[in-house]
Amino acid sequence: MVVTDTPESPRNPGPSWGYRFLRLADRALPEALFRPLRAAGTWVAVAAMPRQRGCSRAYLRIVLGREPGLPDVFAHFFAACEALMLRLRVANGRPHRCVLDPGAGDFGSWLKSDRPALLGTFHIGNSDLTGFMLAGQEGKRVHLVRLRVANSHDTEALASRFGDLLKFVWVNEPGELLFALKEAGASGQTLALQCDRADHSARSEPFEFLGANRAFPFTIYHLAMIFGRPVLLSFGAPLGPDRSIVHASPVFEPVPGEPRAAALARARVHFQAFLRRVEAHLRAHPYQWLNFRPL
C-alpha cells in the first residue's frame, strides 16, 4: 500500500533543502571542515527546537540519573545528526557493513533461511541501517512499514540503492496502519515495523522502561499470530566508522493451536525481556536514543 503526500503530512524537523545540502557538503568539504559545520548546525537546532530540547532533557534526566547540562543535550542532538549523516553517506555509496552481536544466534539462523518474518526495530543508534543490511548484504526482500513523512529523503535515498529488494509501505494515518500491515503481510514478504513509538502502531500496551510503565507498539505480535510468522526484535549501534553491530532478540514463534491469551502472555514476556536489553544499552550509551518526543 503506497500513499501520496497530503498537505497535512507531518515533516521531519529542519528546512526542506537540508538533506540535499548535507549530501552536497559531504562531497565537497573535507571532514575537518564539515564536522565543525555540522556541530554549529546542531547548536542552532538545540536553540531553535524547544519541544525536542525539552524531551531530550526529560529523557536524559532519567537515563543519566542527574540533571542534564546543555552539553548533554547537545551531545544527544549531535548523535542524531551523525546517525542521519551516516544514512546519507551510505545512500551516496559509502561502504558500510553490519555484523551480528554474538548473542543474535536466532537472527543469524533466520538470515540463512527463506522464511519471511516480522522484524521489530527501534530508533536507536544505527538501527535504520539494519533493513538496508538485510537487502544489501543478505539479499533479503524487506518491506519497511513507515508513517508517511513529507520529507523522508534520507530513507528514500537509501532504499533506491537496493531496487526491488527494499520497499516502503507508507501510511498516512495511524488508523490505516493495521489495514496496511495486513495487506503487506499477505504478500509473503518480511515486514520491518518500528516498535518504540505508540503512534506507529494500531495497538499499544504498557511495558516497564526507564523506571516507569510506558506505552509501546504491540501490533507486531498480533500479526505474528495472524500470519504464523516469527518475530525478531533488533537495534543497531555504531562499531567504528564503517561498521554497525546488530543486537537482536531470541525468536518469538507463534504456536499453532495455542490459546490467544497464552500466546499474548508469552509475547509480553518476550518484548519486556528485549526492552531490558535496550535499557541496559541506553544507560551505557545514553545519547543513542534517537526519539525526541515524550517518553
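Shown above is the structure to which this text applies.
Residues numbered from 1 in each chain as written. Predicted model: local features only at pLDDT ≥ 70, side-chain atom pairs only at ≥ 80, totals over all residues. Heavy atoms only, no water.

**Topic: the overall build of the chain**
No. 1: Looking only at helices and strands, the chain has 10 helices and nine strands in total.
No. 2: Contacts in the chain between residues at least 24 apart in sequence constitute 72% of all its contacts with a sequence separation of at least 6.
No. 3: Element-wise, carbon and sulfur atoms account for 58% of the exposed surface of the chain, whose accessible area totals about 13,300 Å². (Helix = DSSP H or I, 4+ residues; strand = E, 2+ residues; numbered from the N terminus. Contact = heavy atoms within 4.5 Å. Areas by Shrake-Rupley, 256 points an atom, 1.4 Å probe, with all protein chains shown as cover.)

**Observations regarding the pattern of salt bridges**
No. 1: For the structure on display, the rule yields 12 salt bridges.
No. 2: Residue Glu205 pairs with Arg268 through a salt bridge whose shortest N-O separation is 2.6 Å. Here Arg268 lies in helix α10 (residues 260-284) and Glu205 lies in strand β6 (residues 204-209), a separation of 63 residues in the sequence.
No. 3: Residue classification places Glu205 among the buried residues on the basis of a relative accessible area of 17%.
No. 4: The class for Arg268 is partly exposed, based on a relative accessible area of 31%.
No. 5: A salt bridge links Glu279 to Arg283, with the shortest nitrogen-to-oxygen separation between them at 3.1 Å. Within this pair, Glu279 and its partner Arg283 are both found in helix α10, separated by four residues, close to a single helical turn.
No. 6: Relative accessible area serves as the criterion here: at 18%, Glu279 is assigned to the buried category. (Salt bridge = Lys/Arg side-chain N within 4 Å of Asp/Glu carboxyl O. Buried < 20%, exposed > 50% of the residue type's maximum accessible area, 1.4 Å probe, protein only.)

**Let's talk about the nonpolar core**
No. 1: Grouped together as the largest cluster of nonpolar side chains are 38 residues, with contacts concentrated most on Phe122, Tyr221 and Phe271.
No. 2: Counting only elements with at least two residues in this core, the list comes to α2 (31-48), α3 (50-64), α4 (70-91), β5 (190-194), β6, α9 (219-227), β8 (231-238) and α10.
No. 3: With seven residues, α10 is the single largest residue contributor to this core.
No. 4: In this structure Phe122 touches Ser127, Cys195, Asp196, Leu233, Ser234, Phe235, Phe271, Phe274 and Leu275, once residues within four positions along its chain are discounted.
No. 5: Ranked by size, the runner-up nonpolar core spans 18 residues in total, among them Trp110, Leu129, Met133 and Leu232. (Core = buried A, V, L, I, M, F, W, Y, C linked by side-chain atoms within 4.5 Å.)

**What about the packing of α2 against α4?**
When two helices pack together, you describe them by how their axes are tilted relative to each other and by the distance separating the axes.
No. 1: Relative to each other, α2 and α4 sit at 125°, their axes nearing to 9 Å. It follows that α2 is oblique to α4 by the angle criterion. Like other packed secondary-structure pairs, α2 and α4 cross with a definite hand, here right-handed. Contact residues: Glu31, Phe34, Arg35, Arg38, Ala39, Thr42, Trp43, Ala45 and Val46 in α2; Leu70, Val73, Phe74, Phe77, Phe78, Cys81, Glu82, Met85 and Arg89 in α4. (Axes fitted to C-alpha atoms, helices over the stretch in contact; angles between N-to-C directions. Parallel < 35°, antiparallel > 145°, perpendicular 65-115°, else oblique. Left-handed = near helix turned anticlockwise from the far one by under 90°.)

**Observations regarding the packing of aromatic side chains**
No. 1: As enumerated under the stated definition, the model contains 16 aromatic pairs in all.
No. 2: Here the aromatic rings of Phe74 and Phe78 are separated by 5.5 Å at their centres, their planes lie at 10°, and the arrangement is stacked. Taken as a pair, Phe74 and Phe78 lie in helix α4 at a separation of four residues, close to a single helical turn.
No. 3: Residue Phe74 is classed as buried on the basis of its relative accessible area, which comes to 16%.
No. 4: Between Phe235 and Phe274, the ring centres sit 5.9 Å apart and the planes meet at 50°, which makes this aromatic pair tilted. Separated by 39 residues along the polypeptide, Phe235 in strand β8 and Phe274 in helix α10 bring together distant segments of the chain.
No. 5: Among the aromatic residues, those joined into a cluster by ring pairs are Tyr59, Phe122, Phe207, Phe209, Phe216, Phe218, Tyr221, Phe235, Phe252, Phe271, Phe274 and Trp289.
No. 6: It is Arg38 that lies over the ring of Phe34; its NZ or CZ is 4.7 Å from the centre. (Phe/Tyr/Trp six-rings, centres within 6.5 Å; stacked < 30°, edge-to-face > 60°. Lys NZ or Arg CZ within 6 Å of the ring centre and 35° of its normal.)

**Concerning α3**
No. 1: Here α3 is 15 residues long and its end C-alpha atoms lie 20 Å apart, about the 21 Å a rise of 1.5 Å per residue gives.
No. 2: Listed as buried for α3 are Gln52, Cys55, Ser56, Tyr59, Leu60 and Val63. In an axial view of α3, the angular spread of the buried residues amounts to 130°, which keeps them on one side of the axis. Opposite the buried face of α3, at more than 90 degrees from it, the exposed residues are Pro50 and Arg51.
No. 3: Contact partners of the buried residues in α3: α4 and α10.
No. 4: One or two steps after α3, the chain reaches Gly65, where phi turns positive at roughly 75°. (Expected span 1.5 Å × (residues − 1). Arc of directions from axis to C-beta.)

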